[in-house]
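Remarks on the overall topology
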Amino acid sequence: MAKVYFASARVKKWRYEDSMPGKLERLLREAGVSKQFEKDEWVAVKTHFGSEGAHRIVRPVFLRKVVNELKSAGSKPFVTDTVRIKGLDYLEVANQNGINHLSVGAPVVIADGLYGHDNVMVKAGELLGEIAVASLIHDVPAMVVCSHVKGHINAGYAGAIKNLAMGAVSAGHRHCGWKCGRGAMHTMGEGKFVWDSEKCALCYQCAEVCPLDCIDFEKDTFNYKNERCWRCGRCTRVCPEGALSLPGDDQLFMKSLAESTQAVLGTFQQNKVLYVNFLMEIQPECDCMPAAEVPVIQDIGIVVSSDIVAVEQASIDMLLKAKPLPGSLAADEKIKEGADILLELHKKPYILQVQEAERLGLGSPEYELIEIE
Ligand code: SF4
Ligand code: SF4
């Protein structure tokens, strides 16, 4: 049975050891970071840099604690993410959100190069076939996956699986484009947009949010550059009128997340990846959106495990016990206490990603919870 270490976000004593950064240090020690990672071993600290307006990411202070702990073990950590917008701009987003060498104490690098083309095609499951894993993540021998747990318009729940499935692969491949990258998961279908001219208010929010300037509205009609488009889905997510969609299959999407995660983890030896899930600032949407909404669930704490299925199952079990926060989207949607808040918000069968990860042999949903006081 997997061990899952947990520290509550509640502070009962006013001393550093009982602060969240202090508790994270203790969690990492309890989880055995010094035994899992070796002297001089390069370790990727995989996080999500956020977006220019989405500030509710894993805070730099926590990344710093992970880096410090890895350095204490003699390892050589670096903080990384893949290109979501153009690489140079994305590094500036990281900097603006407080993630830089000075703040986190280690180099901050893009895992798939400034153009997002540095990747290695890795065999994935029967749905994806192959997927373009970021070359830095493919090559590095060890990794700590720092995931901000939140909701997600497509995945319903986004934690460690989503962080790796989408975030450790490129948006596309140099030759085979979006079909070999995360767009293959986002669409799980033809990858063709459906635009409803009756519903469209010509607000152009979709065009403004596109990282590649793919969209124009010549003659008041939605047009996009098919070859250039990553199928990242940002444009569809921000449409306030529901006029734009990339039709896909929810069940296949969840399963493809697990397949992609398996492909990424297949590039590591056993027990060389540690998962740190931050159940804090649990907003309804992804960190890549143009803004961060207020949290729908109160801060719960930090969950750490070497088993990706266990860390996800434990995080979900905690979310299921949480109450919807007043003044949030959960309250707007009249979600009641005791309900599955993320399921009610997004109506996506998110647990499938965890079940599929278990089926693929990535871990076990059975866990022993060890809470540090
Ligand atoms: S899916 Fe939309 S936002 Fe993303 S690259 Fe294509 S057109 Fe742009
Ligand atoms: S965001 Fe939606 S409503 Fe606005 S222009 Fe695009 S498709 Fe039309």
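Calculation rules
- Residues numbered from 1 in each chain as written.
- Chains lettered and ligands numbered in written order.
- Predicted model: local features only at pLDDT ≥ 70, side-chain atom pairs only at ≥ 80, totals over all residues.
- Helix = DSSP H or I, 4+ residues; strand = E, 2+ residues; numbered from the N terminus.
- Rg over C-alpha atoms; globule rule 2.2 N^0.38 Å.
- Buried ≥ 20, exposed ≤ 12 C-beta atoms within 10 Å, placed from the backbone.
- Contact = placed C-beta atoms within 7 Å.
- Domains from an automatic or database assignment.
- Nonpolar A, V, L, I, M, F, W, Y, C, P; charged D, E, K, R; others polar.
- Near = placed C-beta within 6 Å.
- Core = buried A, V, L, I, M, F, W, Y, C linked by C-beta atoms within 7 Å.
- Pairing = 2+ DSSP bridges.
- Expected span 1.5 Å × (residues − 1).
- Axes fitted to C-alpha atoms, helices over the stretch in contact; angles between N-to-C directions.
- Right-handed = clockwise from strand over helix to strand, strands pointing away.
- Parallel < 35°, antiparallel > 145°, perpendicular 65-115°, else oblique.
- Left-handed = near helix turned anticlockwise from the far one by under 90°.

1. Brief notes about the overall build of the protein
Along the protein, the regular secondary structure elements total 15 helices and 16 strands. For the protein, the C-alpha radius of gyration of 20 Å lies close to 21 Å, the compact-globule estimate for 373 residues. Along the longest, intermediate and shortest principal axes, the C-alpha atoms of the protein span 60 × 45 × 40 Å.

2. With respect to the environment of Tyr-275
Relative to the helices and strands, Tyr-275 resides in strand β14 (residues 273-279). In this structure Tyr-275 comes out as buried when scored by C-beta crowding, with 29 C-beta atoms within 10 Å. As for Tyr-275 and Glu-312, which are separated by 37 residues in sequence, their C-alpha atoms are 9.2 Å apart. Other than its neighbours up to four places away in sequence, Tyr-275 contacts Val-145, Ala-160, Val-304, Ser-305, Ile-308 and Val-311.

3. Concerning unusual backbone geometry
The phi torsion at Leu-202 lies on the positive side, around 50 degrees, for a residue other than glycine. Despite not being glycine, Lys-334 shows a phi value in the positive range, around 60 degrees. Structurally, the position occupied by Lys-334 is in the loop between α13 (329-332) and α14 (341-346). You can call Lys-334 exposed: it has 9 C-beta atoms within 10 Å.

4. Regarding the domain arrangement of the protein
Segmentation of the protein into domains returns domain 1 (2-179 + 250-371) and domain 2 (190-245). One C-alpha centre belongs to domain 1, the other to domain 2; they are set 28 Å apart. On the domain 2 side, the residues contacting the 11 residues of domain 1 number 11 residues. Here the side of domain 1 that touches domain 2 is built from residues that sort into seven nonpolar, two polar and two charged.

5. Regarding the site of ligand 1
Surrounding ligand 1, one finds Cys-210, Leu-212, Cys-214, Ile-215, Tyr-224, Cys-229, Trp-230, Arg-231, Cys-232, Gly-233, Arg-234 and Cys-235. Residue composition of the shell around ligand 1, by class: nine nonpolar, one polar and two charged.

6. Section: the nonpolar core
Nonpolar side chains in soluble globular proteins tend to be buried together. Counting 111 residues, the largest nonpolar core has Leu-63, Val-66, Ile-137, Val-144, Cys-146, Val-276 and Val-304 as its most contacted members. Looking at this core, you find at least three residues from each of domain 1 (2-179 + 250-371) and domain 2 (190-245). Look past the residues within four positions of Cys-146 in its chain and what remains in contact with it is Val-45, Lys-46, Thr-47, Val-58, Phe-62, Leu-63, Val-66, Val-276 and Phe-278. Counting nine residues, the second largest nonpolar core, distinct from the first, contains Val-209, Phe-222, Leu-244 and Leu-246.

7. Observations concerning the pairing of strand β1 (residues 2-8)
Both faces of the sheet carry side chains from a regular strand, because those side chains alternate between them. As paired elements, β1 and strand β16 (residues 367-371) share five bridges and run parallel to each other. By the bridge assignment for β16, Phe-6 is matched with Glu-371. The pairing of β1 with strand β15 (residues 301-305) spans five bridges and is classified as antiparallel. Among the inter-strand pairings, Tyr-5 is bridged to a residue of β15, identified as Val-304.

8. Considering helix α11 (residues 250-265)
Here α11 is 16 residues long and its end C-alpha atoms lie 23 Å apart, about the 22 Å a rise of 1.5 Å per residue gives. For α11, a buried count of 13 out of 16 residues is recorded, marking the element as mostly surrounded by other parts of the structure.

9. Remarks on the site of ligand 2
Around ligand 2, the neighbouring residues are Cys-200, Ala-201, Leu-202, Cys-203, Tyr-204, Gln-205, Cys-206, Phe-222, Cys-239, Glu-241, Ala-243 and Leu-244. A class-by-class count of the residues in the shell around ligand 2 yields 10 nonpolar, one polar and one charged.

10. Description of the sheet that holds β14
If you trace the eight strands from one edge of the open sheet to the other, you get β4-β3-β2-β7-β14-β15-β1-β16, paired in mixed fashion. With partners counted over all chains shown, the strands left at the sheet margins are β4 (108-110) and β16, one partner each. For this sheet the average axis-to-axis angle between neighbouring strands, irrespective of direction, equals 25 degrees. The strands that helix α12 (residues 308-320) touches are β1, β14, β15 and β16; relative to β14, the one it contacts most, it runs at about 10 degrees.

11. Some points on the pairing of strand β3 (residues 76-81)
Here strand β2 (residues 42-46) runs beside β3; their pairing, made up of five bridges, is parallel. Paired with Val-43 across the strands is Pro-77, a residue of β3. On the question of chirality, the crossover connecting β2 to the parallel β3 by way of helix α3 (residues 60-72) is right-handed. Here β3 runs beside β4; their pairing, made up of three bridges, is parallel. Across the sheet, Asp-81 pairs through a bridge with Ile-110, a residue of β4.

12. Here's the deal with the environment of Phe-37
Within the secondary structure layout, Phe-37 lies in the loop between α2 (33-36) and β2. Distance from Phe-37 to Asn-271, taken between C-alpha atoms, is 9.3 Å for residues 234 residues apart in sequence. Aside from chain neighbours lying at most four places away, what touches Phe-37 is Val-43, Leu-70, Ala-73, Ser-75 and Ala-142.

13. Topic: the environment of Val-120
On the secondary structure map, Val-120 appears in strand β5 (residues 119-123). Those residues in contact with Val-120, other than ones at most four positions away along the chain, are Val-133, Ser-135 and His-138.

14. Concerning the packing of α11 against helix α15 (residues 351-359)
Packed helix pairs are characterised by how far apart their axes lie and by the angle those axes make with each other. Where α11 meets α15, the closest approach of the two axes is 8 Å, and the angle between their N-to-C directions is 45 degrees. On the basis of the axis angle, α11 is oblique to α15. Handedness of the crossing formed by α11 with α15: right-handed. For the pair formed by α11 and α15, the contact residues are Gln-251, Met-254, Lys-255, Leu-257, Ala-258 and Thr-261 on the first element and Leu-352, Gln-353, Glu-356 and Ala-357 on the second. Residues that form the contact of α11 with α15 fall into these classes: five nonpolar, three polar and two charged.

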